[in-house]
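The lines below spell out each chain.
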Amino acid sequence: MSTQTPSRSDVSRWRRHLADERGTAAVMRSLADRRAGEERRILLQLAEAEERHASHWVHLLGERATPDPAPSLQHRLWAGLASRFGSLFVLALLQREKGNTSYAADTDASAAMAADEIIHEEVLRGLAARGRAQLSGNFRAAVFGANDGLVSNLALVMGMSATGVGSGVVLAAGMAGLLAGALSMAAGEYISVRSARELLAASQPGAEAQDALRHLDLDVNDLELVYRARGMELEDARARAGDVLRAAHRDGGVPADAVPAAEADVDEHEAVGNAWGAAISSFFFFASGALIPVLPYLFGLTATSALLVAAVLVGLALLLTGGVVGLLSGASPLRRGVRQLLIGYGAAAVTYLLGLAFGATGIG
């Protein structure tokens, strides 16, 4: 750490760090106000750590720490979101901020502070994990539905336009694609989620298994096989089965977990939410996405102008949905948005070229 008189740029950077640390601490406390139990205590401890970091910059700044630097617009916005809407979105934003810390390359920040930021990112990742898991089912259906609607209907509209048919035909095709796609997405999500839940239910113990335990032969302990099939080692399974059966024969009572559920390598996110919720989300979000490419035609635009407006509107929507997914996953919102934009435009471009080819051969 330098002992020379700090330059103006140093002072500006230190004050910015001070404002960021205090701003982050305020966001943590806003989140804590809406939580309870262990999560609240963790958030408050994180806020205290941010205040310790702020003290480091106050020490470096000395009298230059006054007046207090104003918190950034970003942190004021995050604190407002935290106090009004809960945690997941804000936790994802904070996780991303910690992942982009500059302390490791800042010679005026201590190594302990840089290490703290890395660990804080992992703490925030853990706090956000439960919310992401709860959100992933219906949210996945909503995001997939909206993006499928945007891309598939833009591709359909562009392909039909390229064949040279009239705007009325393009509009009819777009509306048919909207309805057919929304119904297909809803049916697919319902079947997918319902099937996943049925697969999980199939791993639960049968109702008769509990009642059968008290009648098992103590000398021929088949219950041991159940535990071994669930992954227990031989000796552990034998000891556990013996304990359960002796209790069942002696007291007539059977522990509720005597026959454990079978464990399987299933994606728990697939079972989040319910089949009807996923289906309804898919239908409406696909429909809302698929509506955007046909809006210019509904408002009377035709030919090239309608196509250009549709492409721009869909592009903005793809950037928005990609950015939101990026933020919630702790990744770069710009990168995710651009990725979805390029994929969507790529699919539409291929369909447009196919439409040109069909139009040139007189098929339409």
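Above this text sits the structure in question.
Asks: Quick rundown of the pattern of salt bridges? Include the residues and the values.
Replies: The full count for this structure, using the stated rule, is 11 salt bridges. For the salt bridge of glutamate 38 with arginine 41, the shortest nitrogen-to-oxygen distance reads 2.9 Å. One end of the pair is glutamate 38 and the other is arginine 41, both in helix α2 (residues 37–61) and 3 residues apart, which spans about a single turn. Here the residues in one salt-bridge network are Asp10, Arg13, Asp106 and Asp108, joined through shared partners.

Asks: Please provide a residue-by-residue account of the environment of alanine 26, values included.
Replies: As for its placement among the helices and strands, alanine 26 is situated in helix α1 (residues 8–33). Alanine 26 sits 52 residues away from tryptophan 78 along the chain, and the two C-alpha atoms are 9.3 Å apart.

Asks: Before we move on, can you summarise the layout of surface pockets with the specific residues and values?
Replies: If you add up the space inside the second largest pocket, you get close to 240 Å³. His17, Asp20, Glu97, Thr101 and Tyr103 are, among the 13 residues lining the second largest pocket, the residues nearest its centre. For the lining of the second largest pocket, the secondary-structure elements that each account for two or more residues are α1 and α4 (88–99). If one sorts the elements of the lining of the second largest pocket by residue count, α1 sits on top with 5 residues. Its residues assigned to classes, the lining of the second largest pocket shows 1 nonpolar, 5 polar and 7 charged.

Asks: How would you explain unusual backbone geometry if you had to name every residue and give the values?
Replies: Here threonine 66 and proline 67 are connected by a cis peptide whose omega angle stands at -5 degrees. Mapped onto the fold, proline 67 is located in the loop between α2 and α3 (73–85). Within the chain, alanine 303 stands out as a residue other than glycine whose phi angle is a positive 50 degrees.

Asks: Let's hear about the environment of alanine 290: which residues, and what values?
Replies: Along the polypeptide, alanine 290 turns up in helix α10 (residues 275–298). Ignoring sequence-local partners within four residues, the contact set of alanine 290 consists of Gly149, Leu150, Asn153 and Leu178.

Asks: Tell me about the packing of aromatic side chains, and name the residues and values.
Replies: In this description, an aromatic ring pair is defined by two values, namely the gap between the centres and the angle between the planes. Evaluation of the coordinates by the stated rule reveals 2 aromatic pairs. Between the aromatic rings of tryptophan 57 and tyrosine 103, the centroid separation amounts to 5.8 Å while the plane-to-plane angle is 50 degrees, which identifies the pairing as tilted. Linking tryptophan 57 in helix α2 with tyrosine 103 in the loop between α4 and α5 (111–162), this pair joins segments that are 46 residues apart in sequence. Among the residues examined, tyrosine 103 registers a relative accessible area of 5% and is labelled buried. Measuring from centroid to centroid gives 5.3 Å for phenylalanine 283 and phenylalanine 284, while their planes differ by 85 degrees, and the two rings are edge-to-face.

Asks: Describe the side chain of arginine 13, naming the residues involved and giving the relevant values.
Replies: Position of arginine 13 relative to the elements: it lies in helix α1. Judged by its relative accessible area of 19%, arginine 13 is buried. When residues no more than four places from it in sequence are discounted, the contact partners of arginine 13 are Asp106 and Asp108.

Asks: Got a sec to walk through the packing of α1 against α4? Specific residues and values, please.
Replies: Between α1 and α4, the least distance of the axes is 11 Å, while the angle of their chain directions is 150 degrees. Here α4 runs roughly antiparallel to α1, going by the angle between their axes. For the crossing formed where α1 meets α4, the hand is left-handed. Facing Thr24, Val27, Met28 and Leu31 of α1, the residues of α4 in contact are Val90, Leu91, Leu94, Glu97 and Lys98. Here the residues of the contact of α1 with α4 are counted per class, giving 6 nonpolar, 1 polar and 2 charged.

Asks: Please give an account of the nonpolar core that cites residues and values.
Replies: By size, the foremost hydrophobic cluster in this structure holds 20 residues, and its most contacted members are Met28, Leu31, Leu43, Val90, Leu91 and Leu94. Going through the elements one at a time, α1, α2, α3, α4 and α5 are the ones with two or more residues in this core. Beyond its immediate sequence surroundings of up to four residues, leucine 94 is in contact with Thr24, Val27, Met28, Leu31, Trp78 and Leu124. Grouped together as the second largest cluster of nonpolar side chains are 15 residues, Val170, Tyr297, Ala306 and Ala317 included.

Asks: With reference to specific residues and values, describe the environment of alanine 180.
Replies: Among the secondary structure elements, alanine 180 is positioned in helix α6 (residues 167–202). Sequence separation between alanine 180 and alanine 287 is 107 residues, and the spatial gap between their C-alpha atoms is 9.5 Å.

Asks: Just give me the short version of a nonpolar patch on the surface, but keep the residues and values in it.
Replies: Together, Val312, Leu316, Leu319, Leu334, Val338 and Leu342 make up an exposed nonpolar region whose accessible area comes to about 550 Å². Those elements giving two or more residues to the nonpolar patch turn out to be α11 (303–328) and α12 (333–360).

Asks: Describe α2, with residues and values.
Replies: For the α-helix, the turn length of 3.6 residues means that residues three or four positions removed from each other point alike. The terminal C-alpha atoms of α2 lie 37 Å apart, and with 25 residues this matches the ideal 36 Å at 1.5 Å per residue to within 8%. Residues of α2 that are buried: Glu39, Leu43, Leu46, Ala47, Ala49, Glu50, His53, Ala54, His56, Trp57, Leu60 and Leu61. Among the residues trailing α2, glycine 62 stands out with phi positive, at a value near 65 degrees.

Asks: Could you give an account of the side chain of asparagine 153, with specific residues and numbers?
Replies: Inspection of the secondary structure puts asparagine 153 in helix α5. When neighbours within four sequence positions are excluded, asparagine 153 is seen to be in contact with Asp148, Gly174, Gly177, Leu178, Ala290, Pro293 and Val294.

Asks: Hey, could you go over the packing of α1 against α2 for me, with residue numbers and the actual values?
Replies: The description of two packed helices rests on the angle between their axes and on the distance between the axes. At a minimum axis separation of 8 Å, α1 and α2 run at an interaxial angle of 165 degrees. Here α1 is positioned roughly antiparallel relative to α2, judged by the angle of their axes. Where α1 crosses over α2, the two elements pack in a sense that is left-handed. In terms of residue class, the contact of α1 with α2 is built from 16 nonpolar, 3 polar and 8 charged.

Rules of the game
Residues numbered from 1 in each chain as written. Predicted model: local features only at pLDDT ≥ 70, side-chain atom pairs only at ≥ 80, totals over all residues. Heavy atoms only, no water. Salt bridge = Lys/Arg side-chain N within 4 Å of Asp/Glu carboxyl O. Helix = DSSP H or I, 4+ residues; strand = E, 2+ residues; numbered from the N terminus. 1 Å grid on protein atoms, 1.4 Å probe; cavity = no way out; pocket = protein on both sides within 12 Å on 5 of 7 lines; lining within 4 Å. Points joined across faces, edges and corners; volume = space filled by probe spheres on them. Nonpolar A, V, L, I, M, F, W, Y, C, P; charged D, E, K, R; others polar. Contact = heavy atoms within 4.5 Å. Phe/Tyr/Trp six-rings, centres within 6.5 Å; stacked < 30°, edge-to-face > 60°. Buried < 20%, exposed > 50% of the residue type's maximum accessible area, 1.4 Å probe, protein only. Axes fitted to C-alpha atoms, helices over the stretch in contact; angles between N-to-C directions. Parallel < 35°, antiparallel > 145°, perpendicular 65-115°, else oblique. Left-handed = near helix turned anticlockwise from the far one by under 90°. Core = buried A, V, L, I, M, F, W, Y, C linked by side-chain atoms within 4.5 Å. Patch = residues over 30% accessible without salt bridge, like charges linked within 9 Å, V, L, I, M, F, W, Y side chains within 5 Å. Areas by Shrake-Rupley, 256 points an atom, 1.4 Å probe, with all protein chains shown as cover. Expected span 1.5 Å × (residues − 1).

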